[in-house]
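Residue-level listing of the chains:
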Amino acid sequence: MSEKSVKNGTKVYTALIIAVVLIVAIALAGVFLSTHRSGEDRTSQGDSIKIGQSRSYETGGTGKLTSVEIAEKVKPSVIAVVIETDGGQDYGEGSGVVMSVNEDRGVSYIVTCAHMINTRGTSVVVQLENGTKYPARVVGFDNRTDIGVLSVKTTKLKPAEFGDSSVLKVGEPVYAIGNPGGTQFYGSVTSGIISAIDRPTASSENGYTMECIQHDAAINPGNSGGALVNSYGQVIGINSSKIASEEYEGMGFAVPISIAKKSVDSILAHGYVAGRAKLGIQYLPCSSVESYATAAKLNKLPSGTVIIAKIGNDSSFNGTSVQAGDIITAVNGKNLQSSNDLLAAVEKAKPGDKMKLTVGRVSKDYKVTLRQVTVVMKEDRGNTSQPKPQKQFENPFN
């Protein structure tokens, strides 16, 4: 993991690394703010993101806007998200996209990044380009998809138009609109193309893996939560991260609107994303650690065998003999042919389901002792912080 990646909220962003490994994660960052997450603003899907019909391909390209027209259309819907400490000091600045206005309740709803708003002891303020500020309430957030929802007591905001991210194509032009560096560069617009679709990325901070839109429109700290827009002025992604390294240039990532909408819908209904399962661990492929790769080869282990790197305090493995540094070779009787197989099995499971895992312990002489372990899947709410793992991975060959 030599690449260094940076989340794009000023001061409050966290490291994000393009995953060679896929990680089933525990939420290590983000604390449920009792003063801001009361559930008071939970409402119906009518206040959620409304994805419009695609105009991109069926119409033969008609309706495309110029870059000037796109900026004029979308900029009023992209606002600043300012994070303040309890003492009133600025803690960080980012962006948000207005998704709906509820005239009856007198509130507007804003989608932003979870990593912007999940810090203990902070409050959130929404700021417009003219300097007007509104205190914001955190309706909820989801660390797993890096999506959060805010509400503000005003109906003067302009909702964005949202497009269908499922029809995007590599090479399609896109525009990033947000506040790089914070409010000093409010409403900056940059352009680029879609470099890849459904690119797996994983956060080294909280361990979650998600599928993102990769693009090369310039984004910087402060763009987090801002809009990625297609040629029709439709928001098709929420900018979340970029690779920040001397070796990399022009690699930004956005949460597809199709994923963001699912998270928003559940946050509005429950305050978190309901119904997802987790093991409560972080893992990496055996092939990424030379000594484990040797042990896997000598013992003819499946090619997708993974190392348990961390076990969380709420992990399904608690109460078992499994410990960090053990390996997993099979799930529900099927050998892991790829490290993705374990992630896929977890994503198919529901909280309360039982999962049978083949777990091994590696000794210094490269011998592997395998055993069967059955665990009960926990619910992954993605909105609460976890203490540090009980035990971190220690290489037995060191």
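The preceding data block contains the structure.
This report concerns the structure included in the present document. Note that the structure is predicted; figures quoted are calculated from it, not measured.

### Structural notes on unusual backbone geometry
For Asp146, which is not a glycine, the phi torsion comes out positive at approximately 60 degrees. With respect to the helices, strands and loops of the structure, Asp146 is situated in the loop between β7 (133-142) and β8 (147-152).

### Some remarks on the nonpolar core
Of all hydrophobic cores here, the largest spans 48 residues; its most connected members are Val97, Met99, Ile117, Leu150 and Val235. Ignoring anything within four residues of it in the chain, the contact list for Leu150 reads Val81, Ser108, Tyr109, Ile110, Thr112, Ile117, Val124, Val126, Ala136, Arg137, Val138 and Val139.

### Quick notes on the packing of aromatic side chains
Taken as a whole, this structure holds zero aromatic pairs when the rule is applied. Taking the ring centre of Tyr272 as reference, the NZ or CZ of Arg381 above it sits at 4.2 Å.

### Remarks on the side chain of Ser263
On the secondary structure map, Ser263 appears in helix α3 (residues 257-270). A polar contact of 2.8 Å, which involves the side chain of Ser263, links it to the side chain of Thr145. With residues up to four places along the chain from it excluded, the contact list for Ser263 reads Asp142, Thr145, Ile147 and Val273.

### A closer look at the pattern of salt bridges
Summed over the entire model, instances satisfying the criterion amount to nine salt bridges. Lys73 is the salt-bridge partner of Glu161, the closest N and O atoms lying 2.5 Å from each other. Taken together, the residues span a long stretch of sequence, with Glu161 in the loop between β8 and β9 (173-178) and Lys73 in helix α1 (residues 67-74) at a distance of 88 residues. A relative accessible area of 27% places Glu161 in the partly exposed class. Take Lys73: its relative accessible area is 24%, and that puts it in the partly exposed class.

### Considerations on the sheet that holds strand β4 (residues 90-102)
The antiparallel closed barrel is built from six strands, whose spatial order is β3-β4-β5-β8-β7-β6. Sheet twist, expressed as the mean angle between neighbouring strand axes with direction ignored, is 40 degrees. Note: strand β5 (residues 107-112) against β8, five bridges, orientation antiparallel. When the bridges of β8 are listed, Val111 appears paired with Val149. Taken strand by strand, α3 contacts β4, β5, β7 and β8, and its axis lies near 50 degrees from that of β8.

### Some thoughts on the environment of Tyr175
Counting through the fold element by element, Tyr175 comes out in strand β9. Accessibility expressed as a relative area gives 13% for Tyr175, which makes it buried. As a C-alpha pair, Tyr175 and Leu228 span 53 residues in sequence and 5.6 Å in three-dimensional space. Ignoring any residue separated from it by four or fewer positions in sequence, one finds Tyr175 in contact with Ser67, Ile70, Thr190, Ser191, Ala227, Leu228, Val229 and Asn230.

Cut-offs applied
Residues numbered from 1 in each chain as written. Predicted model: local features only at pLDDT ≥ 70, side-chain atom pairs only at ≥ 80, totals over all residues. Heavy atoms only, no water. Helix = DSSP H or I, 4+ residues; strand = E, 2+ residues; numbered from the N terminus. Core = buried A, V, L, I, M, F, W, Y, C linked by side-chain atoms within 4.5 Å. Buried < 20%, exposed > 50% of the residue type's maximum accessible area, 1.4 Å probe, protein only. Contact = heavy atoms within 4.5 Å. Phe/Tyr/Trp six-rings, centres within 6.5 Å; stacked < 30°, edge-to-face > 60°. Lys NZ or Arg CZ within 6 Å of the ring centre and 35° of its normal. Polar contact = N/O pair within 3.5 Å; in protein donor to acceptor, adjacent residues only side chain to side chain. Salt bridge = Lys/Arg side-chain N within 4 Å of Asp/Glu carboxyl O. Pairing = 2+ DSSP bridges. Axes fitted to C-alpha atoms, helices over the stretch in contact; angles between N-to-C directions.

These figures capture arrangement, not role.
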